[in-house]
Structure formats: structure tokens, C-alpha cells
Amino acid sequence: MKPIYLTTPIYYVNAAPHLGHAHTTAMGDILKRIYTMRGHRVLFSTGTDEHGQKNQQAIEASGLPAEEYLARQSAKFRSLFDALEAEYDIWVRTPFAHHVAAVEHALLKLKQEDLLVKKKYSGLYCVGCEQFKRPSDLDAEGNCVDHRVKPVEMDEENYFLVISRFQDWLRNEIAGRKGWIEPSFHTEELLALLENPLEDLCISRPRSRVWLGVPLPFDAEYVTYVWFDALLNYISNVGWPANFDASSWDGVVHLIGKDIMKVHCIYWPIILKALGVPPPAAYRVHGYWTGGGGIKMSKSLGNVVDPLETMSVVGADGLRFYLAKNMRDKDASISTGLVIEGYNADLCNEIGNLFSRVTKFVIKNRGGRIPQVTPAACLPELCAWVAKSAAGALHKADLHTISEYVAVCLAISNKLNAAFTELAPWKNANPVETDPALYGLLDCIRMLFELLYPVMPQSSVRALAALGCEPPRKDGGAHVFEPHKLVPGGALGAEEALFPRQKAAC
Ligand code: MSP
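Residues numbered from 1 in each chain as written. Predicted model: local features only at pLDDT ≥ 70, side-chain atom pairs only at ≥ 80, totals over all residues. Heavy atoms only, no water.

Caption draft 1: View of the sheet that holds strand β9 (residues 204–206). Read across the open sheet, the 3 strands follow the order β9-β11-β10; overall the sheet is antiparallel. Unpaired on one side and paired on the other, β9 and β10 (215–216) mark the two borders of the sheet. Pairing geometry for β10 and strand β11 (residues 219–224), over 2 bridges, is antiparallel. Looking at β11, one finds that Pro215 is bridged to Val223. (Pairing = 2+ DSSP bridges. Helix = DSSP H or I, 4+ residues; strand = E, 2+ residues; numbered from the N terminus.)

Caption draft 2: Quick look at the sheet that holds strand β4 (residues 116–126). Reading across from one edge, β5-β4-β6-β8 is the order of the 4 strands in this open sheet, with antiparallel pairing throughout. Strands with a single pairing partner mark the edges of an open sheet, and in this sheet they are β5 (131–133) and β8 (201–202). The pairing of β4 with β5 spans 3 bridges and is classified as antiparallel. Looking at β5, one finds that Tyr125 is bridged to Phe132.

Caption draft 3: Representation of the site of the ligand in the model. By nearness alone, 24 residues border the ligand, and Ile10, Thr24, Asp49, Ile260 and Trp289 come closest of all. In this structure, Thr24 approaches the ligand through a side-chain N or O atom, which is 2.7 Å from an oxygen atom. One nitrogen or oxygen atom from the side chain of Asp49 is found 2.7 Å from a nitrogen atom belonging to the ligand. Contact with the protein chains removes 96% of the 660 Å² of surface that the ligand exposes when unbound. Broken down by secondary-structure element, the contributors of at least two residues to the shell around the ligand are β1 (4–12), α1 (19–37), α7 (226–231) and α8 (233–236). Here the shell around the ligand takes 4 residues from β1, the largest share from any one element. Classifying every residue of the shell around the ligand gives 12 nonpolar, 9 polar and 3 charged. (Near = heavy atom within 4 Å. Polar contact = N/O pair within 3.5 Å; in protein donor to acceptor, adjacent residues only side chain to side chain. Areas by Shrake-Rupley, 256 points an atom, 1.4 Å probe, with all protein chains shown as cover. Nonpolar A, V, L, I, M, F, W, Y, C, P; charged D, E, K, R; others polar.)

The structure is reproduced here in C-alpha cells:
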């Protein structure tokens, strides 16, 4: 099986992490677990982007020494991702020495190959985006659409990567690689951007203005542009240049929000081409979570949701489930109240209720033992349907269709709840008649929690343990949803409230 290298963007540390940041890393972890269950070896990276003007301004405002501020902020992201149960393999911070060395190497290589020019440039700069903007990128008032502030005029001499040589090549790549960027409607947006000549990419900032960055190895008056520096994490993570793990790179999938698509899908492949590295294998793009006012959540707009606060009510699993279920192609609104409502409806009333009513019945009426029956004779059709639906969802799952994966989990739960209601074993005094169906239902619940494991690892491990089963293995081999694996006569663990009801937020 082809190895997969999943990456998230690395996050600016100018403020505490919000729910938008939690989203991409949580989705990365869900996909890591899904790909692992499909039998892939998966490498998963995430981390923090700690250079540039935006972070510099935050350091200056804090009054702390730069290193102390950066370490403290980066640790906040890391502990959020740990609390979210993200099992990343690579944690990167742009000040790490191996990364800085890779940035220096890249700059020297481009310089040697005559791909850098020094020239004067004036333009409009949005510090929030850390990007130059064209007037057509701004709203009617001349503000950045994401940060709602006017970009500042800049006029300075800098180093630029010559882009013109690569534009035709990139257009052909984007047009010719089916499935490269999903959802595919983004491909059209990118091709439209390439209809006119791109401007060269400014890769430096004068040190007199920006001191937080990797100094240019050939001109001490400048530091490296923060985006050029940050993008390189994707290859420095896998040993570039000296110990480049090309087989991991071949399977790289960049998970990104749509805000950073242009930099990732236009400038990044060009930088790679200029460095002689193949383009990324795939991009998967998600929309925005909007906070108050229906606009993209951002600290500077003051409309953020704190993921730790939300998790303190619904747990990591509750938040992961909500994010995966509700982010589709378009932007979606979110608040702690909406997450709690969703948790009560889907987890407490639906999936948790299914688990608790079936296990409770068996614990109370069958002495806490899985019925002693011949497995193959137990609800064979329902078990086969669950196994088939689960396998279908597992093999189809992707970032932009993750809500469909969750929808399959809910549909299975719904059907099992209905089957239990129809069976109504409490009305039948003869256990011999209902035991096969009870075994079948417990076995289907086992497969449901195997399917839920990537989305809700903690609760799934608990539910599977109560059924006497292990979670899906992580060490190679594709997971098979195989009916009738529960051990007849096995003990059923003490019934637990997997998803206790939570009070709605005011
Ligand atoms: N540092 C750059 C990325 C460099 S990657 C080489 C950056 N950082 S960021 O902190 O501003 O945002 C990074 C990512 O966080 C976004 O692309 C997106 O994946 C996620 N999100 C930030 N806000 C978000 C929402 N409101 N909604 C959904 N995701 C959002 O850009």
C-alpha cells in the first residue's frame, strides 16, 4: 500500500488557537486513522508558523522576549491538539534548526540558479494574510475580505522569485491532474487566476522592518518572507535536502482551508519546481467556520470560539464529531451552543442511546453475557448491510466528503435503534427466541464503533472494550468489517454513559 503523508498548515502563533485551527488538525487526525484502517502507512504533520510581521507585532505587544513568547504560544497549539487526541507524527516549529537550514539551502539554490531578482516594488500589504493584495482582492471599501482592514501601502526593495518561467507549466499541471484539488470547483478558480500573468513572488523583507525571520544567507539586510519559509516545512519535515524521504513525499496530501489555496496551489508547486522537487500529490480544501456576524472566525475580528471551552462540555470526541459532520463544501456557522445541541441530538439521543439501551437490556436480562448462540444465524442480512455500508464509507472517505462518512454512521445507528425497537425483547419472555437478534445487534454495534473509531477514538475504545473487543489495529493491514466476530457467552463490560446529556449553553 502506498504510504500517505498528511499535512496541516502550520499555524500563526500571534493569538491563542481558535476553533478554525482545531478543525484542520482534527480532520487530519480523522483522515490519518481512516487511511491507516485502509492499510496505508501514514505520516501526519502539524505545527506552528513562528516568523513574520504578524507574529512580530504580537511579540512586541506582549513585551516578552521573542523566544519565550513563541515557545509559550506554540505550546498552546500543541496542547490543544493533544487534547483533541490528534496523533501527529511530526510536530514542527519554524525556528527548529533543521527547518531553518532547509530554508537557507532553498534560498541559496534559487540564487545559484538565477531565479531570484532584486527590485523595487510598491503594493498593498495585508499583515493578517501576510500577503500583497491586488485591488481586485479587496471588498468595495478597499478592505481585505478575511480581515476587514485596509492593507497598508508598501514601497521597498526586495528579492523576488521569477514566476513567469513556470506559469504555463503550472497551468498544464492544474488542468491535467484529475482529482489533484478537491473539491474540484476550486480548480476553475485557480485556472482563472492563471489567465493573466502572475507577478513575481517577493521572498524577502527588509530587516529594518521585519526582524523575526530567517536571515537571507546571501544578504544580511533581509529576512525570508514568512510564507516562503513556512511552506518549506512540508519538505523539511521529511528530511529535505540531505535525507529527503521521497517515498513519503510522493504520497503527500496537503489539507488546507480555502483562505490559503492560492499560496499552496500556485506559489508552492512553483517553488518546488524551481527547487527540482515534484509537486504535491494532492490538495484537499475545506471551507470556513464562521463565528458571530457570519464571517470567517478570526481573533482580530473578535468572533472566535474557544475549542477548549467547547471540549470542556462535549469532550474531544463530541467536538471532532460535530466538526466532521457539519463542514461541507460551503462555510458553516458554529458556536458552543450549536455544538452542544448537536451532541445531545446525535450522540446522546442517537448513538449513545443505542449503545446504552441494548447493552443495558443484556446486562439486566441475560446476566451480562453476550448471548450464547451460533453467530452465523444471527441477523445475517442486517449484519451484512452494516459491514457493507461501513466498508463503503471507509474506502470513500476524504476531507471534502467527511460529512458523508458521519452520515453513514448515523444511518447505521438509526437502523439499529429501529431494529431493537421492533425486536422489543422486553415483551418476549422466551430468551431463546430473541437471543440471536440480540447477538446480531450487539455485533452490528461493534462494527458501528469500529467505523466511528477514526472520528471518536476515545468513546469507541470504551464501547468496544465493553463488548470485549479491541479498537481497529494501527500496525498495517486493511481493516475488514467482518460480521459475527463477537464471542458468544463473552462478558459484557459494565454499562457506561458514553455521551451523558449536556445542558444547552445560554
Ligand atoms: N501560517 C499560515 C499557514 C502556513 S502553511 C505553510 C496560516 N496560518 S493561520 O493560522 O492563519 O491559519 C491556518 C489554517 O487554519 C487555515 O488555512 C485553515 O486551515 C485553518 N483555519 C483558520 N481559520 C479558520 C476558520 N475560521 N475556519 C476553518 N478553518 C480555519 O495561514
